[in-house]
Amino acid sequence: MLRFDFLQARNLRHAISLLERHGEEARPVAGSTDFLVRWRQGFWRPACVVNIKGISGLGRITYSPQNGLRLGALATVQAIETNAQVRRRYQALATGATSFAGVQVRNLATVGGNVCNASPAGDTLPALLAFDAQCGITGPDGARILPLTEFFQGPGRTALQPGELLTELVLPPPPPRTGSLYIKHSPRGAMDIATVGVASVITLEEDGVTCRDARIALGAVGPVPFRAAEAESLLKGRELSPDALAQAAEAARHAATPIDDVRGTAAYRKDMVEALTRRTLQHALRMAGGRRVPFEEQRRLAVQTAF
Amino acid sequence: MNKQPLRLTINGRERQILVAPYYSLLDTLRDELQLTGTKKGCDEGDCGACTVILDGQPVTSCLVLALSAQGSEVTTVEGLATPETLHPVQQAFIERGGLQCGYCTQGLIMAAVGLLQDNPQPSAEEVKFAIGNNLCRCTGYTKVVEAILLAAERMAEVE
Ligand SMILES: Cc1cc2nc3c(=O)[nH]c(=O)nc-3n(C[C@H](O)[C@H](O)[C@H](O)COP(=O)(O)OP(=O)(O)OC[C@H]3O[C@@H](n4cnc5c(N)ncnc54)[C@H](O)[C@@H]3O)c2cc1C
Ligand code: FES
Ligand code: FES
């Protein structure tokens, strides 16, 4: 039987020194929801784990109009889903969180773990990308900040150097007249991995019709989740007619480079990217225009199944 | 890989035990503490049969490293009833026929207890959302949802 030792980190510095001391033998764990599954499957075989859950202050969620949203790496997906500021200002992140597993797993899974696990299908990732998240990283050589777009390097691969930990994600405050939504498409309505996930964020000019900013991020259709820059540029500065949204959706389809797997063929995934980009843009636009969509309705929209 | 000391408050009682560093909370409850009411269905977080309340929140105990729960409070299905009366959720499951083989039942009951703590008056839709992490191969869920709504109603009357 595989075994590992358990080391509890007392604080961030202690965690980093434990990781440095044990090098490749050690793996940090937070909620351990990915870790225990991968360990039992025999994929991950560390000699020891450094438990960072319990480091105080690292799970905080705060919002201020100046600095926006700060998510401590240990913030659970459930805490994000139920946070009033997230629901009010970062709907795509709230819907990403509500589409995620079930409550028992959400109570354990951390946002830092979702980001560091770097699955192309991670459900919080498209929204974090679309809200221009910056990563706070601390390691043996001190702290640094990296845009999330540069964090993902391949499935399961990140920009973290040995001994480094993700400490927080910072999302700038959305300007007025911003709306957003994430839609996860998966075979089952609960407890499944995304076949495709799309997050869109729209900000309107004061005239209420011209697009000031549009951000679209795609999940599960490439080696990493990514921003569909071409699709975004088709919307910026334009009036958002149904035609404009359709063109952006088509551009998103072209940006996707999915694979065939058990949840869908590459061709099917491309079709879904187009459909979901259009849908998320439509809802984001309505919300940006001032329409209030109760969270119960957003939750219904968040997961769209094949059957 | 020496066992390490773990202090937990389980169903209101403080316990000190030694556990292997790679043990899950689920295996600790079942193997070390003989609290076998909590079931192991999948050991991967999918089925919900291992649900317990950890520091006030329902979690799949198969995904929790036992030592990461140091100092925590755990409620298992064994901690719900008193010698005289069942918990209203347990009573409602019996009356509404919310179970058949029973393998998933403790997990569904703990998920329901977790829901009603936060949201004492849930809609049927909210109940379904709250049991999304629980698999049942027998009931088809209809009677389960009815049972949880009945329990909510009764718990509101008592208050
Ligand atoms: C039943 C089940 C259902 C799931 N459903 C979903 C779903 O619907 N959507 C989804 O996106 N995911 C899902 N997941 C995957 C998983 O729950 C998430 O990826 C979760 O966010 C991981 O967080 P964690 O805290 O549990 O990470 P852990 O398992 O503790 O760690 C995951 C990885 O990240 C590293 N790590 C964690 N935190 C840090 C940090 N701060 N700094 C550096 N490295 C770190 C660890 O070393 C490890 O490699 C599911 C998993 C299970 C078991
Ligand atoms: S045994 Fe834990 S979820 Fe199935
Ligand atoms: S009653 Fe048999 S699995 Fe639910």
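Shown above is the structure to which this text applies.
Reading the values: the criteria
Residues numbered from 1 in each chain as written. Chains lettered and ligands numbered in written order. Predicted model: local features only at pLDDT ≥ 70, side-chain atom pairs only at ≥ 80, totals over all residues. Heavy atoms only, no water. Pairing = 2+ DSSP bridges. Helix = DSSP H or I, 4+ residues; strand = E, 2+ residues; numbered from the N terminus. Axes fitted to C-alpha atoms, helices over the stretch in contact; angles between N-to-C directions. Contact = heavy atoms within 4.5 Å. Parallel < 35°, antiparallel > 145°, perpendicular 65-115°, else oblique. Left-handed = near helix turned anticlockwise from the far one by under 90°. Polar contact = N/O pair within 3.5 Å; in protein donor to acceptor, adjacent residues only side chain to side chain. Core = buried A, V, L, I, M, F, W, Y, C linked by side-chain atoms within 4.5 Å. Buried < 20%, exposed > 50% of the residue type's maximum accessible area, 1.4 Å probe, protein only.

**Q** Could you clarify how one ought to interpret the sheet that holds strand E10 (residues 165–171) of chain A in this entry?
**A** Strand pairing in a sheet relies on backbone hydrogen bonds, with the paired strands running either antiparallel or parallel. Residue and element names in this part refer to chain A. Overall, antiparallel pairing links the five strands, which are arranged E4-E5-E10-E6-E7 in an open sheet. Either end of the sheet is taken by a strand with one partner, and the two such strands are strand E4 (61–64) and strand E7 (142–147). Across the sheet, the mean angle from the axis of one strand to that of its neighbour is 20°, orientation sign disregarded. Across four bridges, the pairing between strand E5 (residues 68–72) and E10 is antiparallel. Paired with Gly 72 across the bridge in E10 is Glu 168. Where helix H1 (residues 12–22) meets the sheet, its contacts fall on strand E6 (134–139) and E10, and the angle it forms with E10 comes to roughly 135°.

**Q** I'm lost on the packing of helix H3 (residues 105–118) of chain B against helix H5 (residues 142–158) of chain B in this one. Help?
**A** Each pair of packed helices gets described by two things: the angle between the helix axes and the distance between those axes. All names here are of chain B. At a minimum axis separation of 11 Å, H3 and H5 run at an interaxial angle of 40°. In terms of their interaxial angle, H3 and H5 are classed as oblique. Like other packed secondary-structure pairs, H3 and H5 cross with a definite hand, here right-handed. Residues Leu 108, Ala 112, Leu 115 and Leu 116 of H3 form the contact with H5, whose participating residues are Val 144, Ile 148, Ala 151, Ala 152 and Met 155.

**Q** How should the side chain of Thr178(A) be read in this particular structure?
**A** Residues and elements named next belong to chain A. Tracing the backbone shows Thr 178 in strand E11 (residues 178–186). A distance of 2.6 Å separates a polar side-chain atom of Thr 178 from the backbone oxygen of Pro 175. Residues in contact with Thr 178, not counting those within four places in the same chain, are Val 201, Ile 202, Thr 203, Met 287 and Ala 288.

**Q** Help me out: how do you make sense of the nonpolar core in this one?
**A** One recurring pattern in soluble globular proteins is that nonpolar side chains are buried together. Residue and element names in this part refer to chain A. Leu 71, Leu 93, Leu 128, Leu 148 and Leu 171 are the most contacted members of the largest nonpolar core, which has 81 residues in total. It is helix H8 (residues 125–130) that provides the largest number of residues to this core, a total of five residues. Excluding residues that lie within four positions of it along the chain, Leu 171 makes contacts with Asn 67, Gly 68, Leu 69, Leu 71, Tyr 90, Leu 93, Leu 128, Phe 131 and Ala 133. One finds Val 198, Leu 204, Leu 240 and Met 272 within the second-largest nonpolar core, a separate group that totals 32 residues.

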